[in-house]
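An overview of the molecular structure
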Amino acid sequence: MTTISSSEDSTDTVFAKRASIEQVEEGSELAPKFDAHGLIPCVTTDADSGEVLMLGYMNREALQRTIETGEAHYWSRSRQQLWHKGATSGLVQKVSELRVDDDQDAVWLRVKVQGNGASCHVGYRSCFYRNVPVGEAHQSRRQLVFVESGKTFDPKSVYGDTPNPTVL
């Protein structure tokens, strides 16, 4: 087993070395598979409604801190830094449940969002606030359709002059 430790935390999270398919798929050890960039995708949903709130990425430290603190931490690919969700906005994601998929290369968080319940830096509740028409609907309408009636908060009043993390 490999121990991943953090100088700020007294508890160490242990990630097992990936030794066999049986161990990874049927075993009881957490042996996450991070990609070539050291990241693992994380789908985050509302613990009560099941609504998809966001898709983020975690590196080893983010996964470790999420497990240790019970609050969602991610790796910001745009800012290239660890990101404690809600540290700036107050919209902290308290983890109700953390699951790993069958081959341990994706994570699912079920969370309760503090504050007004929003998770999107644009101000909407969910980062998935637009629908893409498919099939026959796409033939008649090729534009995105907003599925949330409005923003939950004003990003300027919450984030102030903090740079927008969206990269073009």
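This text follows the structure it describes.
A short tour of the structure in this document, coming up.

About the criteria used
Residues numbered from 1 in each chain as written. Predicted model: local features only at pLDDT ≥ 70, side-chain atom pairs only at ≥ 80, totals over all residues. Heavy atoms only, no water. Helix = DSSP H or I, 4+ residues; strand = E, 2+ residues; numbered from the N terminus. Buried < 20%, exposed > 50% of the residue type's maximum accessible area, 1.4 Å probe, protein only. Contact = heavy atoms within 4.5 Å. Lys, Arg positive; Asp, Glu negative; His and termini not counted. Charge placed at Lys NZ, Arg CZ, Asp CG, Glu CD. Polar contact = N/O pair within 3.5 Å; in protein donor to acceptor, adjacent residues only side chain to side chain. Patch = residues over 30% accessible without salt bridge, like charges linked within 9 Å, V, L, I, M, F, W, Y side chains within 5 Å. Areas by Shrake-Rupley, 256 points an atom, 1.4 Å probe, with all protein chains shown as cover. Salt bridge = Lys/Arg side-chain N within 4 Å of Asp/Glu carboxyl O. Core = buried A, V, L, I, M, F, W, Y, C linked by side-chain atoms within 4.5 Å.

Details of the overall build of the chain
Each helix and strand in the chain was counted, giving four helices and ten strands. The principal-axis extents of the C-alpha atoms in the chain amount to approximately 50 × 40 × 35 Å. Counting every position in the chain, which comprises 168 residues, the buried fraction comes to 34%. Long-range contacts, defined as pairs at least 24 residues apart, comprise 46% of the intrachain contacts of the chain with a sequence gap of at least 6. In the chain, which carries 18 positive and 23 negative side-chain charges, the distance between the mean positions of the two groups comes to 8 Å.

Some remarks on helix H2 (residues 60–69)
Turning to H2, its buried residues are Ala62, Leu63, Gln64, Arg65 and Thr66. Structurally, the start of H2 carries an N-cap: the backbone nitrogen of Glu61 is 3.3 Å from a side-chain oxygen of Asn59.

Comments concerning a negative patch on the surface
Together, Glu22, Glu25, Glu26 and Asp102 make up a region of like negative charge exposed at the surface. Mapping Glu26 onto the fold places it in helix H1 (residues 21–26).

Structural notes on the nonpolar core
Grouped together as the largest cluster of nonpolar side chains are 19 residues, with contacts concentrated most on Cys42, Met58, Leu63, Tyr74, Val107 and Leu109. If you tally residues by element for this core, the top one is strand E8 (residues 107–113), at four residues. With residues up to four places along the chain from it excluded, the contact list for Met58 reads Phe34, Gly38, Leu39, Ile40, Cys42, Leu63, Thr66, His73, Tyr74, Trp75 and Leu109.

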